[in-house]
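Summary of the model geometry
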Amino acid sequence: MSPRRIDPTLATALLEAAARLLAEEGAAGLTTRRLAAAVGASTTAVYTHFGGMDNLVRAMVHEGFARLHRRMSTVRATSDAVADVMALGYAYRANSLDHPQLYQVMFGSAALGGFALADGDRQHGKYTLQPLVDAVARATEQGRFRAGDPLLVAQNMWIALHGLVSLELGGYLIDPYDADVCFEAQLRSLMVGAGDDYEATAASLARARRRRSLRA
């Protein structure tokens, strides 16, 4: 008898279903039985693909950061490094809106219960910050940002955008200052705060807006 073929899409389906269950029902809703039913598979599928639930939650974190990295990598470097920084901000926000459940899991905001993340899991995704660090460094070299540690500047920008995106996903940003308005206001404030001229920031924002990632 030939070995049973494994559906190559099943692992991804399991990850997305698990993230959805965590976001909607918390850790109590994430069981092998519920997960298998959600994707139309047997309970052994979880162990076949991940070896157990702890590894599945860890894989969700890694998959979330992999998707973020792919989205951030679509932002090409241009002669306007400040526009690049803001284009990366648009990409970050678009990725979170496309994959809201994974976003909540990868940053630990979903109720993980007993599926606690280790320090290594939390630090795993730091590589996704590198495109922003590089863009900040180029903006500094171009004289748009004041001299400073590009990693620290990039991390502070990430912290600010993460807070906004988390509030947006929670439904807290509404008219007259909805997420779109607050997002662009925050981008402008971050660029000027890093040392850029207000009018130069406005011109770069217009360029970044034209380049922004479209929601799927």
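Scroll up for the structure.
Residues numbered from 1 in each chain as written. Predicted model: local features only at pLDDT ≥ 70, side-chain atom pairs only at ≥ 80, totals over all residues. Heavy atoms only, no water.

1. A few points about the overall build of the protein chain
- Secondary structure summary: the protein chain contains eleven helices and zero strands in total.
- In the protein chain, of all internal contacts separated by at least 6 residues, the share reaching a separation of at least 24 is 70%.
- Summing over all exposed atoms, the protein chain offers an accessible surface of approximately 11,300 Å²; the carbon and sulfur share of this is 54%. (Helix = DSSP H or I, 4+ residues; strand = E, 2+ residues; numbered from the N terminus. Contact = heavy atoms within 4.5 Å. Areas by Shrake-Rupley, 256 points an atom, 1.4 Å probe, with all protein chains shown as cover.)

2. A look at helix α8 (residues 130-141)
- When the terminal C-alpha atoms of α8 are compared, their 16 Å separation across twelve residues agrees well with the 16 Å that a helix rising 1.5 Å per residue should span.
- For α8, the complete set of buried residues consists of Leu132, Val133, Ala135, Val136 and Ala139. The buried residues of α8 occupy one face: seen down the axis, they fall within an arc of 165°.
- With its phi angle positive at about 80°, Gly143 sits one or two positions after the end of α8. (Expected span 1.5 Å × (residues − 1). Buried < 20%, exposed > 50% of the residue type's maximum accessible area, 1.4 Å probe, protein only. Arc of directions from axis to C-beta.)

3. As for the pattern of salt bridges
- Enumeration over the complete set of coordinates arrives at 13 salt bridges.
- Salt-bridge contacts for Arg34 lead to Glu25; the nearest nitrogen and oxygen are separated by 2.7 Å.
- Close ionic contact of Arg207 with Asp80 constitutes a salt bridge, the shortest N to O distance being 2.6 Å. With a gap of 127 residues between them, Arg207 in helix α11 (residues 198-211) and Asp80 in the loop between α4 (53-72) and α5 (81-98) connect regions that are remote in the sequence.
- On the basis of relative accessible area, Arg207 is assigned to the partly exposed category, the value being 38%.
- In the salt-bridge network here, residues are joined through shared partners; they are Glu16, Glu63, Arg67 and Arg70. (Salt bridge = Lys/Arg side-chain N within 4 Å of Asp/Glu carboxyl O.)

4. Regarding the packing of α5 against α11
- Between α5 and α11, the shortest axis-to-axis distance is 8 Å and the interhelical angle comes to 45°. If you check the angle between α5 and α11, you find them oblique. Relative to α11, α5 is oriented so that their crossing is right-handed. Here Val82, Ala83, Asp84, Met86, Ala87 and Tyr90 of α5 come into contact with α11, specifically with Thr201, Ser204, Leu205, Arg207, Ala208, Arg209 and Arg211. (Axes fitted to C-alpha atoms, helices over the stretch in contact; angles between N-to-C directions. Parallel < 35°, antiparallel > 145°, perpendicular 65-115°, else oblique. Left-handed = near helix turned anticlockwise from the far one by under 90°.)

5. Here we look at the packing of aromatic side chains
- Taken as a whole and assessed by the stated rule, the structure comprises five aromatic pairs.
- On the basis of an interplanar angle of 65° and a centroid distance of 5.0 Å, the ring pair of Tyr103 and Phe107 is categorised as edge-to-face.
- Put simply, the rings of Phe65, Tyr92, Tyr103, Phe107 and Trp158 pair up and form one aromatic cluster. (Phe/Tyr/Trp six-rings, centres within 6.5 Å; stacked < 30°, edge-to-face > 60°.)

6. Side note on the packing of α5 against helix α9 (residues 150-169)
- Two elements in contact, α5 and α9, have axes separated by 10 Å at closest approach and are oriented at 35°. Two packed elements cross with a definite hand, and for α5 against α9 that hand is right-handed. Between α5 and α9, the contacting residues are Val85, Gly89, Tyr92, Arg93, Ser96 and Leu97 on the first element and Met157, Trp158, Leu161, His162, Val165, Glu168 and Leu169 on the second.
- Of the residues in the contact of α5 with α9, the class split is eight nonpolar, three polar and two charged. (Nonpolar A, V, L, I, M, F, W, Y, C, P; charged D, E, K, R; others polar.)

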